[in-house]
Amino acid sequence: MAFGRWSFRQLPYLGGALLGLYLTWPQHRGAVRSAPELTAAADLRTIASITQKESKRVLNETGTSVPKVSKMTASSTQFTPARLSSKSPRATPKPATSVSRARAEERCIRKGQGRSGADIDEPSKVESPGECQERCQCLEGCAFFTFWKDGSCHVQSTDSSPFGHELAFSGPPFCRANSSNHADLPSPVDLPELQPAHDGKVGPKVYLYDLPPRFQNWGHGPECWSADCVFGGPPVKVQGVEIWGSSQFHMPLMLHYRFLNYAQRTREVDDADVFIIPAYNFKPSHDLPCANSSDLFDTLAELNPRLKEEQWAKAKVPRHLLMDARGWETCNYMWELHMPFRLAHRINIELNGLLEDGPEGWTYNKPFIWYQFPYPAVYHGHAESTPAKLRVKLGGIDRYLWSFSGTGRGQAGFLRQAIMKECTICNRCGKVTQIQEVTGAPQKASMMDYARLSAKKLQSTFCVEPPGDSITRKSLIDSIVLGCIPVVFLHQELDMFEAFATAEEFADAVVYVPEAEVMGDGRISLWGTGTFHDSSHQWKHFQKLYPKYAEVFEALRPKRSLEQREKQLRSLFPNATSIATILSAISDEEVKRKQKALAKISHRFVIGLDDSSEDAVRILLNRIISDDTVAQERNAKSTLFA
């Protein structure tokens, strides 16, 4: 017997639905009843049927893959992968018009609908349905979320059941049609091993001043001059890549080692194209002070009397290189303004700490050229085997959307703490790895620390690189070399390495996220609100390279006060945005473009064990030769004199 569209056969289903609605009606201001209560009372066959239909509906409306996963506990050690290669399974979105896509967006977060049971983690308190959705994005196996108006956020698997309630909001983790939430964690993939040969290029001839040990950390260097002692070996294999425990402050030591074994080294002053002055200090202290400047220059003149010849000195001192390890703690001889040593090039690992107005302001009016040389990365092999290049060739699988390694300290400590908090609770992030600060020889961090750090980067699509004690960090160079797209937060970094990659090349390879966007109304560092030097027009250049953040560079332009800059940034980013949200919005096509751009420049940041291929050392030598005219012009224009 039938009544209109109804039949007696449908009464059991109607009764089951009404019973489920009654039993799942939230009590105590919208709190959801516990899973055991629901399981004991509900008609499981009816709920399973509804769940299956609802899952199919969400898939059709949003194009989002809703995987079938097993229930997980909060203590699970599994993680959700960020992206799979083009060979990996993806949900194929149903062809749709712009109207149907808009409707899918509208229906993504459903007002007046909740889901019951199958929570994969403890409920949390959040401010909005969007924040609840972001929490779902971070947890493996989360296929749906339910947000209640009292702020309760439930993250649930496909085994959860839908029901109607005016105080509830629910939806899938992602609204975008090309997003996916894969349940299976791909295994790490070894990069292919190559046997590249010497590229056959002959570099410029180098004269290495044979300075006494007192000019090299007062003789307190490594106990031997082997590659293992200098570069931090013996290396370990991580996914087919040789990883070294490289101390960031050993940069001058590595260059000294290279030039001692350099194929084009000459012992004749008049045959040399470039002159290396191996004076450096890992960490100046009362016990290990910097070398006396007068002592250094007198000793150099004894080794090379031609330095006292005015014409020779003017022509050849711009081919000399002074080097030091650190940023703020550079030795006094790096600041020499007397002729002829005011003409020599300088390098260290951070342009003497980079003052607030960035590279342009710091180098303004200096009589010498001072480059920021890359921190030593964990890879020291051949250019063609640089992991960033091999990852593009392999088209590999990334386990994590992003990763972070470090502590919460430093001038931008609040930014770091926000990143650490999100990474710790988000299974799409490679977990925080606490690496002890490297302070020179002997190194405190173990090889296993470097191995774990490298594994995270090799398995991540993006690596966030917030500032710490200084504007940039060694981890940024590790990410570039290992092929993990760096995420940088300070505009001062965007043209910092122009001796090795142009600002355009850097923009193609990295993701820039202003610190203010992540912090919202939280505390922003002085670097994050820093401006440009008055003589610099880089802010206009950056507006073209990063059009999405044109208003940020406008806010930071010279002439504005600190208060004005911060107020404008606050107005642009009144609320904090999670890292996962920012990075999830980047399309797969854009990711591939950045990976290719990263591969193109990655070898330029490698300090190789030898000169068999183009690396940062060979690039520096060629740059010194090509910058003769620039050096002379800079010296002539400078108003700084001793």
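Scoring rules and cut-offs
- Residues numbered from 1 in each chain as written.
- Predicted model: local features only at pLDDT ≥ 70, side-chain atom pairs only at ≥ 80, totals over all residues.
- Heavy atoms only, no water.
- Helix = DSSP H or I, 4+ residues; strand = E, 2+ residues; numbered from the N terminus.
- Buried < 20%, exposed > 50% of the residue type's maximum accessible area, 1.4 Å probe, protein only.
- Areas by Shrake-Rupley, 256 points an atom, 1.4 Å probe, with all protein chains shown as cover.
- Pairing = 2+ DSSP bridges.
- Contact = heavy atoms within 4.5 Å.
- Axes fitted to C-alpha atoms, helices over the stretch in contact; angles between N-to-C directions.
- Polar contact = N/O pair within 3.5 Å; in protein donor to acceptor, adjacent residues only side chain to side chain.
- Phe/Tyr/Trp six-rings, centres within 6.5 Å; stacked < 30°, edge-to-face > 60°.
- Lys NZ or Arg CZ within 6 Å of the ring centre and 35° of its normal.
- Core = buried A, V, L, I, M, F, W, Y, C linked by side-chain atoms within 4.5 Å.
- 1 Å grid on protein atoms, 1.4 Å probe; cavity = no way out; pocket = protein on both sides within 12 Å on 5 of 7 lines; lining within 4 Å.
- Points joined across faces, edges and corners; volume = space filled by probe spheres on them.
- Parallel < 35°, antiparallel > 145°, perpendicular 65-115°, else oblique.
- Nonpolar A, V, L, I, M, F, W, Y, C, P; charged D, E, K, R; others polar.
- Disulfide = S-S within 2.5 Å.

Here we come to the overall build of the chain. What the chain contains, in helices and strands, is 23 helices and 19 strands. Buried residues in the chain amount to 56% of all 642 residues. Surface accessibility of the chain: about 28,300 Å² in total, with carbon and sulfur atoms responsible for 52%.

For sheets, the rule is that strands pair by backbone hydrogen bonds, running either parallel or antiparallel. Pairing is antiparallel across the open sheet formed by five strands, whose spatial order is β3-β7-β5-β6-β4. What marks the edges here is a single partner per strand, and that holds for β3 (110-116) and β4 (124-125). Pairing geometry for β4 and strand β6 (residues 152-156), over two bridges, is antiparallel. Bridging across to β6, serine 124 finds its partner in cysteine 153. Against the sheet, helix α5 (residues 129-137) touches β4, β5 (144-148), β6 and β7 (161-171), its axis set at about 150° to β5.

Here we come to the environment of arginine 428. Position of arginine 428 relative to the elements: it lies in the loop between α12 (413-425) and β16 (429-433). Sequence separation of arginine 428 and cysteine 138 is 290 residues, and the distance between their C-alpha atoms is 5.4 Å. Among the polar contacts listed, one links the side chain of arginine 428 to the side chain of serine 584, at a separation of 2.8 Å.

Attention shifts here to the packing of aromatic side chains. If you walk through the whole model with that rule in mind, you get 24 aromatic pairs. Look at phenylalanine 275 and tryptophan 312: their rings are 5.6 Å apart centre to centre, the planes differ by 75°, and that puts the pair in the edge-to-face class. Of this pair, phenylalanine 275 sits in strand β11 (residues 274-277) while tryptophan 312 sits in helix α9 (residues 310-316), and the two are 37 residues apart along the sequence. Centre to centre, the rings of tyrosine 512 and phenylalanine 553 are 5.6 Å apart; their planes meet at 15°, and the pair counts as stacked. Here tyrosine 512, found in strand β19 (residues 511-512), pairs with phenylalanine 553, found in helix α18 (residues 550-555); they are 41 residues apart in sequence, far enough to count as distant. The class for tyrosine 512 is buried, based on a relative accessible area of 5%. A network of ring pairs unites the aromatic residues Tyr512, Phe532, Phe542, Tyr546, Tyr549 and Phe553 as a single cluster. Here arginine 326 stacks its cationic end above the ring of phenylalanine 249, 3.9 Å away from the centre of that ring. If you follow arginine 346 out to its NZ or CZ, it ends over the ring of phenylalanine 368, 4.0 Å from the centre.

With that out of the way, let us pick up the nonpolar core. Ranked by size, the top nonpolar core spans 112 residues in total, and within it Leu255, Phe373, Trp402 and Phe462 carry the most contacts. Counting residues in hydrophobic clusters, the runner-up holds 28 residues, among them Ala272, Leu296, Tyr333 and Phe368.

Our focus in this paragraph is helix α7 (residues 251-260). Buried residues dominate α7, accounting for nine of its ten residues. Those residues of α7 not exposed but buried are Met251, Pro252, Leu253, Met254, Leu255, His256, Tyr257, Arg258 and Phe259. As for α7, its buried residues are in contact with β8 (206-208), α6 (227-231), β11, β12 (320-323), β13 (345-348) and α22 (616-626).

Bringing the layout of surface pockets into the picture now. What the largest pocket holds in volume is close to 890 Å³. Lining the largest pocket are 24 residues, with Glu131, Glu134, Lys421, Ala576 and Ser578 sitting closest to its centre. Of the residues forming the lining of the largest pocket, the biggest block, six residues, is contributed by α12.

Think of two packed helices as two axes; the pair is described by the angle between the axes and how far apart they sit. Relative orientation of the contacting elements helix α11 (residues 387-394) and helix α14 (residues 474-482) amounts to 40°, with a least axis distance of 5 Å. Classified by the interaxial angle, the pair formed by α11 and α14 is oblique. Residues Pro387, Ala388 and Arg391 of α11 form the contact with α14, whose own contacting residues are Ile480, Val481 and Leu482. A class-by-class count of the residues in the contact of α11 with α14 yields five nonpolar, no polar and one charged.

Another point: the state of the cysteines. A complete count under the given rule lists six disulfides for this structure. Two residues share a disulfide in this structure: cysteine 136 and cysteine 142, whose sulfurs sit 2.0 Å from each other. Looking along the S-S bond of the cysteine 136-cysteine 142 disulfide, the torsion reads about -110°, which is the left-handed sense. Look at cysteine 136 and you get buried, because its relative accessible area is 0%.

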